[in-house]
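One-letter residues, chain by chain:
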Amino acid sequence: MASYSDCHGCALCLLSCPMWLQKRDVRFSPQGIAKALQHGAIAEDIAEEVSTCIDCGACDLLCPEQIDLSAMISSLRSASTCEPESEVEPAHVDMGGCDARLHMHLTADDLFIIDALSFHAHYVQRLAHYDALRKSTGCQMNLDLNRMAIATGVGSRADAGGMFDVTSQIQWLMQGRSFERVIVENSEDQVMLAQLSGKPVICLSDLIRSEKKDA
Ligand code: SF4
Ligand code: SF4
């Protein structure tokens, strides 16, 4: 298993890292954390950087050295807080499966907010599902150019600790997009998206339930 010592500084992990996008400071990125460790930093030295990570899992998929960056950050967090190491479990997301009715009820006016952690944890299967959904409905999704999901950070440890600004993250996520309705996979995103978009926001599980009832 590759470790921080294998980081060669390509900076690919910065491209989809919400922590870096918000701070624009390489210290607040997986690369910065790996490089700090290579230069002898201990967990307490980089506690602020580690606390700003929202555990979205995008960096794990981008690292060409296949360093388990999420696990590295989780173990540093546990070392600096003395809390037992805990894995952040992806929320269960009912994707609507291959439900053709879901395809019928999304439109090009919808912004579909994918739950980033769950998406990145099952990337290959989930990407195929969303590609098909996007193609058949024309809806927009919170995917970036690397086809990583842009996380909102709502409900993350960093959000709860006041280390990550979810308002500016969501505003950035919506910037330049035109949509009339928002569909969220993670119900925790619902309130903030409604407040900041001013549009109706529906949780995917409710949409699927209502479709099943109507059938
Ligand atoms: S898990 Fe997300 S926020 Fe944390 S370092 Fe990786 S990409 Fe950045
Ligand atoms: S993508 Fe991997 S190898 Fe490249 S800078 Fe980030 S941690 Fe280092």
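Further remarks concern the overall build of the protein. Looking only at helices and strands, the protein features 12 helices and four strands. The contacts in the protein between residues at least 6 apart in sequence include a share of 67% that link residues at least 24 apart.

Attention now goes to the site of ligand 1. Taken together, 14 residues lie near ligand 1, and Cys 17, Cys 53, Cys 56, Ala 58 and Cys 59 sit nearest. Those elements giving two or more residues to the shell around ligand 1 turn out to be α1 (18-23), α4 (58-62) and α5 (69-81). Per-element accounting of the shell around ligand 1 gives the leading share, three residues, to α5. Here the residues of the shell around ligand 1 sort into 11 nonpolar, two polar and one charged.

When helix α10 (residues 166-174) is considered as a whole, its buried residues turn out to be Val 166, Gln 169, Ile 170 and Leu 173. Taken down its axis, α10 places every buried residue within 95 degrees of arc, on the same side. Buried residues belonging to α10 abut α1, α9 (157-160) and α11 (190-197). Positive phi shows up at Gly 176, right after α10, with a value of about 80 degrees.

Take the sheet that holds strand β1 (residues 110-113) next. Reading across the sheet, the four strands line up as β2-β1-β3-β4 and stay open at both edges, with parallel pairing between neighbours. Only two strands of the sheet have a single partner each, and these edge strands are β2 (140-141) and β4 (201-203). Inspection of the sheet shows strand β3 (residues 181-184) paired to β4 by three bridges, in the parallel sense. Considered in β4, the bridge of Val 182 is made with Val 201. With respect to the sheet, α11 is in contact with β1, β3 and β4, its orientation differing from that of β4 by roughly 165 degrees.

Taking every second residue as pointing to the same face, both faces of β1 are buried, with Asp 110 and Phe 112 on one and Leu 111 and Ile 113 on the other. Of the pairings in the sheet, the one linking β1 to β3 comprises four bridges and is parallel in character. Bridging from a neighbouring strand, Ile 113 pairs with Val 184 of β3. Note that β1 and β2 share two bridges and pair parallel. Across the sheet, the residue bridging to Leu 111 is Gln 140, located in β2.

What follows deals with the nonpolar core. If you look at the biggest cluster of nonpolar residues, it comprises 49 residues, and the most contacted ones within it are Ile 113, Ala 116 and Ile 183. At four residues, α5 tops the list of elements feeding residues into this core. Composition of this core by domain shows at least three residues from each of domain 1 (4-81) and domain 2 (100-214). Apart from residues lying up to four places away in sequence, Ile 183 is in contact with Leu 106, Asp 110, Phe 112, Ile 113, Ile 202, Leu 204 and Leu 207.

On to the site of ligand 2. In the vicinity of ligand 2 there are 15 residues, among which Cys 7, Cys 10, Cys 13, Gln 31 and Cys 63 approach most closely. Among the elements that make up the shell around ligand 2, the one with the highest residue count is helix α2 (residues 30-38) (three residues). Tallied by class, residues from the shell around ligand 2 come to 11 nonpolar, three polar and one charged.

On to the environment of Ile 202. Its place among the elements puts Ile 202 in strand β4. Counting along the chain gives 19 residues from Ile 202 to Ile 183, while the straight-line C-alpha distance between them is 4.9 Å. Residues within four places of Ile 202 in sequence aside, it is in contact with Arg 181, Ile 183 and Leu 207.

This next bit is on α5. For α5, which comprises 13 residues, the first-to-last C-alpha distance of 18 Å matches the rise-based estimate of 18 Å (1.5 Å per residue) to within 8%. Where α5 is concerned, the buried positions are Leu 69, Ser 70, Met 72, Ile 73, Leu 76 and Arg 77. Along the axis of α5, the buried positions cluster into a sector of 160 degrees, meaning they face one direction only. Of the surrounding secondary structure, the elements contacted by the buried residues of α5 are α2, α3 (47-52) and α4.

Cut-off values and rules
Residues numbered from 1 in each chain as written. Chains lettered and ligands numbered in written order. Predicted model: local features only at pLDDT ≥ 70, side-chain atom pairs only at ≥ 80, totals over all residues. Helix = DSSP H or I, 4+ residues; strand = E, 2+ residues; numbered from the N terminus. Contact = placed C-beta atoms within 7 Å. Near = placed C-beta within 6 Å. Nonpolar A, V, L, I, M, F, W, Y, C, P; charged D, E, K, R; others polar. Buried ≥ 20, exposed ≤ 12 C-beta atoms within 10 Å, placed from the backbone. Arc of directions from axis to C-beta. Pairing = 2+ DSSP bridges. Axes fitted to C-alpha atoms, helices over the stretch in contact; angles between N-to-C directions. Core = buried A, V, L, I, M, F, W, Y, C linked by C-beta atoms within 7 Å. Domains from an automatic or database assignment. Expected span 1.5 Å × (residues − 1).

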